[in-house]
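# Structural features, examined
If you want the building blocks of each chain, they are given just below.
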Amino acid sequence: MNLSRRRTISLVLGSGGARGIAHIGAIRWLTDNGYLVRSIAGSSIGALVGGCYAAGKLDALAEWMLSCEKLNLLRLLDPTFGRAGLFKGERIVRLLRRGMGDVAIEDLPLAFTAVATDCASGEEVWLRRGNLVDAIRASMATPLIFTPFEGGERKLLDGGLVNPVPIAPTLDDKTDLTVAVDVFGPPDPALCGASAARGIVNVAIAAMDAMQTAIARLRLATCPPDVLVEVPRTACGYHELWRAEKLIALGRERTAQAFAAARERAREKSAEQLAPQVVAA
C-alpha cells in the first residue's frame, strides 16, 4: 500500500463525547499532508465535526471549542423536566444554525452520512439527505443527556449506540483509502483526564463508554479501515470540552503516528513478498 500515491479518503469519525474534538486535529493533519477527504461518515460528535468540515465551518468550530469554558458550556444546556432526557438541546441547535445556516446534506461538496439509532426498533439509521443540523442533532442525542430527536414519525438517538465507528456507510465509496478515527482507543496512563466523579450521569456515561468500546472493537474487526487512528479513551471525560487545545494536538499526533505505522507495515509486507522472488532467482 503506497500511501504517498493514494490521496483520496473516506473519513470515518467516531462517537465519544469531548474526546471527539481530536477529530479536528486528525482532519487538519490529513489536509496539511495533501489528502483529499471525499466522503465522511460520523456518529455523535463525529457527525458534528464531520458535518462542520463538510460545510466549510471546521475552523469556526475549532475556535469555539478553544474558547469554551465550563461556564460557557453550562449556558448552552437547557434543562427539561418530565421528558426523556436532562436537556432539550435546543440552544445547541440554535448555535449550530447561526453558524452553519440551513444547509442540506445533498448540497454539500462531499458525501456525508450522520449515523443515528431508531429509538423504537434499535436499528441503525443513515442520514444522507435533509437538513444538516437536524442530522447532527439526531446523531448526538445521547440517552439520558439529550432528549431523542423527533424526525417525522421516528425518534432518533445517538448513533454511537449501534455503530460508534461507522465504516459501513463508506464501503461503496470510490476513494483510495478509508481512514477511521476511533476515540475509544486503548487507555494511556499518561492521559487520564477523565473525571473521577461517580454521580448517576457519570455512571450512565461510563456504562455507555464500556458498551461502545466493545461494539467498536467488534465493528473494526469485522470491517477494518486502511488506516486506524486510535485516541485513548482516557484522554478526557465525556463532557470536558475545555480540553480542546490538548485534544486537537492529540488528534494530529495520533494521526501522524497511525500513518507512519501503516507505511511501515506496507514496507514490511512488500519485503516479505519480494523475498521468495529473490530466493527463486
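Below, the structure is looked at part by part. (Residues numbered from 1 in each chain as written. Predicted model: local features only at pLDDT ≥ 70, side-chain atom pairs only at ≥ 80, totals over all residues. Heavy atoms only, no water.)

### A short note on the packing of helix H2 (residues 45–54) against helix H6 (residues 132–139)
Short version of the rule: Between N-to-C directions, angles cover 0 to 180 degrees, with each direction set by a line fitted to C-alpha atoms, over the stretch in contact for helices. Runs of E in the DSSP output that reach at least two residues are strands. Runs of H or I that reach at least four are helices, and both are numbered from the N terminus. Every angle not falling under 35 degrees, over 145, or within 65 to 115 is termed oblique; those three ranges are roughly parallel, roughly antiparallel and roughly perpendicular. Crossing handedness is defined as follows: a turn of the near helix away from the far one that is anticlockwise and smaller than a right angle gives a left-handed crossing, while the clockwise case is right-handed. We call two residues contacting when some pair of their heavy atoms lies within 4.5 Å. Each residue gets one label: Ala, Val, Leu, Ile, Met, Phe, Trp, Tyr, Cys and Pro are nonpolar, Asp, Glu, Lys and Arg are charged, and the others, such as Gly, are polar.
At a minimum axis separation of 8 Å, H2 and H6 run at an interaxial angle of 160°. Overall, the two elements H2 and H6 adopt an arrangement that is roughly antiparallel. Classified by chirality, the crossing of H6 by H2 is left-handed. Within the contact between the two elements, H2 uses Ala 47, Leu 48 and Gly 51 and H6 uses Leu 132, Ile 136 and Ser 139. By residue class, the composition of the contact of H2 with H6 is four nonpolar, two polar and no charged.

### Details of the pairing of strand E4 (residues 124–127)
Basically, it comes down to this: Type-normalised accessible area, obtained with a 1.4 Å probe on protein chains alone, sets the label of each residue: buried when under 20%, exposed when over 50%, and partly exposed for intermediate values. The rule for pairing is simple: two strands pair if DSSP sees at least two bridges between them.
By the alternation rule, side chains of E4 split into Val 125 and Leu 127, which are all buried, and Glu 124 and Trp 126, of which none is buried. As paired strands, strand E3 (residues 111–118) and E4 are joined by four bridges and run antiparallel to one another. Its bridge partner being in E4, Thr 117 is matched across the sheet by Glu 124. Turn length for the E3-E4 hairpin, with the two strands adjacent in sequence and antiparallel, is five residues, and the turn residue Gly 122 shows positive phi of about 80°.

### Observations regarding the side chain of Thr 213
Heads up, the rule is: In the analysis that follows, any N or O atom pair within 3.5 Å is treated as a polar contact, provided that within protein one partner can donate a hydrogen and the other can accept it, and provided that, for residues neighboring in sequence, both atoms belong to side chains.
Tracing the backbone shows Thr 213 in helix H7 (residues 200–222). Note on Thr 213: relative accessible area 12%, which makes it buried. At a separation of 2.7 Å, a polar atom in the side chain of Thr 213 contacts the main-chain carbonyl oxygen of Asp 209. Sequence-distant contacts of Thr 213, defined by excluding residues within four places in its chain, comprise Phe 184 and Arg 233.

### Topic: the packing of aromatic side chains
Going by this rule: Aromatic rings from Phe, Tyr and Trp, with only the six-membered ring used for Trp, were paired whenever their centres fell within 6.5 Å, and each pair was classed as stacked if the ring planes differed by under 30 degrees, edge-to-face if by over 60, and tilted otherwise.
Tallied over the entire structure, the rule returns three aromatic pairs. Here Trp 29 and Phe 259 contribute two aromatic rings whose centre-to-centre distance is 4.9 Å and whose plane-to-plane angle is 40°, an arrangement assigned as tilted. Pair noted here: Trp 29 is in helix H1 (residues 22–32) and Phe 259 is in helix H8 (residues 244–280), with a separation of 230 residues, a long-range link. An identical accessibility class is assigned to Trp 29 and Phe 259; each is buried. Relative to Phe 259, the ring of Tyr 35 lies with its centre 5.0 Å away and its plane at 50°, an arrangement referred to as tilted.

### Here's the deal with the nonpolar core
Put simply, the rule reads: Nonpolar cores are built from buried Ala, Val, Leu, Ile, Met, Phe, Trp, Tyr and Cys residues. Side-chain atoms within 4.5 Å join them into one set.
Core analysis: the biggest nonpolar cluster contains 61 residues, and Leu 11, Ile 21, Ile 24 and Leu 48 have the highest contact counts within it. Broken down by element, the residue count for this core peaks at seven residues, all from H8. Discounting residues that sit within four places of it in the chain, Ile 21 has contacts with Ile 45, Met 65, Leu 241, Ala 244, Leu 247 and Ile 248.

### Comments concerning the environment of Leu 156
Mapped onto the elements of the fold, Leu 156 is located in strand E6 (residues 154–158). Considered as a pair, Leu 156 and Ala 135 are 21 residues apart in the sequence and their alpha carbons are 9.7 Å apart.

### Observations regarding H2
In terms of residue burial, H2 counts as a mostly covered element, since nine of its 10 residues are buried. Residues of H2 that are buried: Ile 45, Gly 46, Ala 47, Leu 48, Val 49, Gly 50, Gly 51, Cys 52 and Ala 54. Where H2 terminates, the next one or two residues include Gly 56, which has phi positive at roughly 75°.

### Observations concerning H7
Going by this rule: The span expected for a helix works out to 1.5 Å for each residue beyond the first.
Between its first and last C-alpha atoms H7 spans 33 Å; for 23 residues at 1.5 Å apiece the expected length is 33 Å, and the two agree. When H7 is considered as a whole, its buried residues turn out to be Ile 205, Met 208, Asp 209, Gln 212, Thr 213, Ala 216 and Leu 220. Buried positions along H7 lie against strand E7 (177–185) and strand E8 (227–232).

### A word on the side chain of Asp 158
Assignment of secondary structure puts Asp 158 in strand E6. Only 3.0 Å separates the side chain of Asp 158 from the side chain of Thr 142, close enough to count as a polar contact. Setting aside residues no more than four positions away along its own chain, Asp 158 makes contact with Ser 15, Ser 44, Ala 116, Thr 117, Ala 138, Ser 139, Met 140, Ala 141, Thr 142 and Pro 143.

### Comments concerning unusual backbone geometry
The phi angle at Ser 44 is positive, at roughly 60°, despite the residue not being glycine. Accessibility expressed as a relative area gives 6% for Ser 44, which makes it buried.

### What to know about the pairing of E3
Burial runs high along E3: seven of the eight residues are buried. Pairing of strand E2 (residues 36–43) with E3, which is carried by five bridges, proceeds in the parallel orientation. Paired with Gly 42 across the bridge in E3 is Ala 114. Examined bridge by bridge, E3 and E6 share three bridges and lie antiparallel to one another. By the bridge assignment, Thr 117 is partnered in E6 with Leu 157.

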